[in-house]
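# Coordinate analysis (summary)
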Amino acid sequence: MRKPIVAGNWKMHKTVAEAEELVMMLQKDIEKISSIESVFCVPFTSLFKVSSMLQNSSIGVGVQNIHWEKQGAFTGEISPLMVKEFAKYAIIGHSERRAYFGETDTTVNIRVIAALTNDIVPIMCVGETLYENQKRMTLDVITRQMKIGLQNIGNEFAEKIVIAYEPVWAIGTGLACDPVTANDIIFHAIRTPLKNIFGEKVSQTVRVQYGGSVNGSNARDYFSQPEIDGALVGGASLKPDFIEIIKAAAK
Ligand code: PGA
């Protein structure tokens, strides 16, 4: 049995004071639900505050990106070594980073490796754009993202990885992907490559989230699918609705 993992991606939202407020609003209710791994992926500026607040909590803390080097002349970047003092998770290769900040399958790969070798759980995002979806390229695109994103990784690390399937056209648009379709895509373009790369055991251990307009009302439809082990949540993670998503995952 894979333990479901629901992560909130706060994106570029919340000052430190606002982050504190949001954690206070959600913390107690989320901590009551221990059958789910829940995570707040916060902006770097709130990392110290939020991780102090959640020091003895079952809620995990994550970031939204890391650099692949431990240190060096990389102005404006944050290394896994700096992050691991505060956070256990890192979102890697989110489509917004791929679209606006030049992230490629290859840079995703070296960031995933940096996370794993620094004891950080990578949440590696894959997903097709609207154009790719309409051109029926979905399975090819995701299979490629999986293959390159996960190259040069030993089996001893592989089970720790979390994959988030996020159709780009469903992110922040309210246009969620049909749960049965998402399940099917995950089976063919995520579990199958996992099996080809790492073997059957790893492919059955790695958790796969769905992401893209998940909210308290539709969450249950995703979690009832056999290949979906949680969600990566943007907009709804900044609201009380996030608790409803976690509750749905626990059912
Ligand atoms: P959304 O974002 O839930 O607001 O669609 C999901 C994400 O970008 O991870």
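Not measured: the values here are computed from a predicted model.

Moving on, we come to the overall build of the chain. Each helix and strand in the chain was counted, giving 12 helices and eight strands. Over its C-alpha trace the chain gives a radius of gyration of 17 Å, about what one expects of a compact globule, namely 18 Å for 251 residues. Seen along its three principal axes, the alpha-carbon backbone of the chain occupies a region of about 45 × 45 × 35 Å. The burial tally for the chain puts 54% of its 251 residues in the buried class.

Taken together, 13 residues surround the ligand, and among them Lys11, His94, Glu166, Gly172 and Ser213 come closest. Contacts to the ligand include Gly172, whose backbone N or O atom sits 2.7 Å from an oxygen atom. Against a free-state accessible area of 280 Å², the protein chains account for coverage of 95% of the ligand. Within the shell around the ligand, the residues separate by chemical class into four nonpolar, seven polar and two charged.

This next bit is on the sheet that holds strand S5 (residues 121–126). Ordered by their spatial adjacency, eight strands build a closed barrel running S1-S2-S3-S4-S5-S6-S7-S8, and the pairing between neighbours is parallel. Direction aside, neighbouring strands of the sheet carry axes that sit 25° apart on average. The pairing of strand S3 (residues 60–63) with strand S4 (residues 89–92) spans two bridges and is parallel. Bridged to Val63 within S4 is Ala90. Contacts between helix H5 (residues 105–117) and the sheet are confined to S4 and S5, with S5 contributing the most and set at about 160° to the helix. Across the sheet, helix H7 (residues 138–149) is in contact with S5 and strand S6 (162–165); its angle to S5 comes to roughly 150°.

Here we come to the environment of Ser58. Secondary-structure assignment places Ser58 in the loop between helix H2 (47–53) and S3. Given the relative accessible area of 48%, Ser58 is considered partly exposed. Residues in contact with Ser58, not counting those within four places in the same chain, are Glu31 and Ser38.

In this section: the layout of surface pockets. Counted as a void, the largest pocket has a volume near 510 Å³. Around the largest pocket, the lining comprises 20 residues; the ones closest to its centre are Lys11, Met12, Gln64, Arg97 and Phe101. If one sorts the elements of the lining of the largest pocket by residue count, helix H4 (residues 95–100) sits on top with three residues. A class-by-class count of the residues in the lining of the largest pocket yields nine nonpolar, seven polar and four charged.

Calculation notes
- Residues numbered from 1 in each chain as written.
- Predicted model: local features only at pLDDT ≥ 70, side-chain atom pairs only at ≥ 80, totals over all residues.
- Heavy atoms only, no water.
- Helix = DSSP H or I, 4+ residues; strand = E, 2+ residues; numbered from the N terminus.
- Rg over C-alpha atoms; globule rule 2.2 N^0.38 Å.
- Buried < 20%, exposed > 50% of the residue type's maximum accessible area, 1.4 Å probe, protein only.
- Near = heavy atom within 4 Å.
- Polar contact = N/O pair within 3.5 Å; in protein donor to acceptor, adjacent residues only side chain to side chain.
- Areas by Shrake-Rupley, 256 points an atom, 1.4 Å probe, with all protein chains shown as cover.
- Nonpolar A, V, L, I, M, F, W, Y, C, P; charged D, E, K, R; others polar.
- Pairing = 2+ DSSP bridges.
- Axes fitted to C-alpha atoms, helices over the stretch in contact; angles between N-to-C directions.
- Contact = heavy atoms within 4.5 Å.
- 1 Å grid on protein atoms, 1.4 Å probe; cavity = no way out; pocket = protein on both sides within 12 Å on 5 of 7 lines; lining within 4 Å.
- Points joined across faces, edges and corners; volume = space filled by probe spheres on them.

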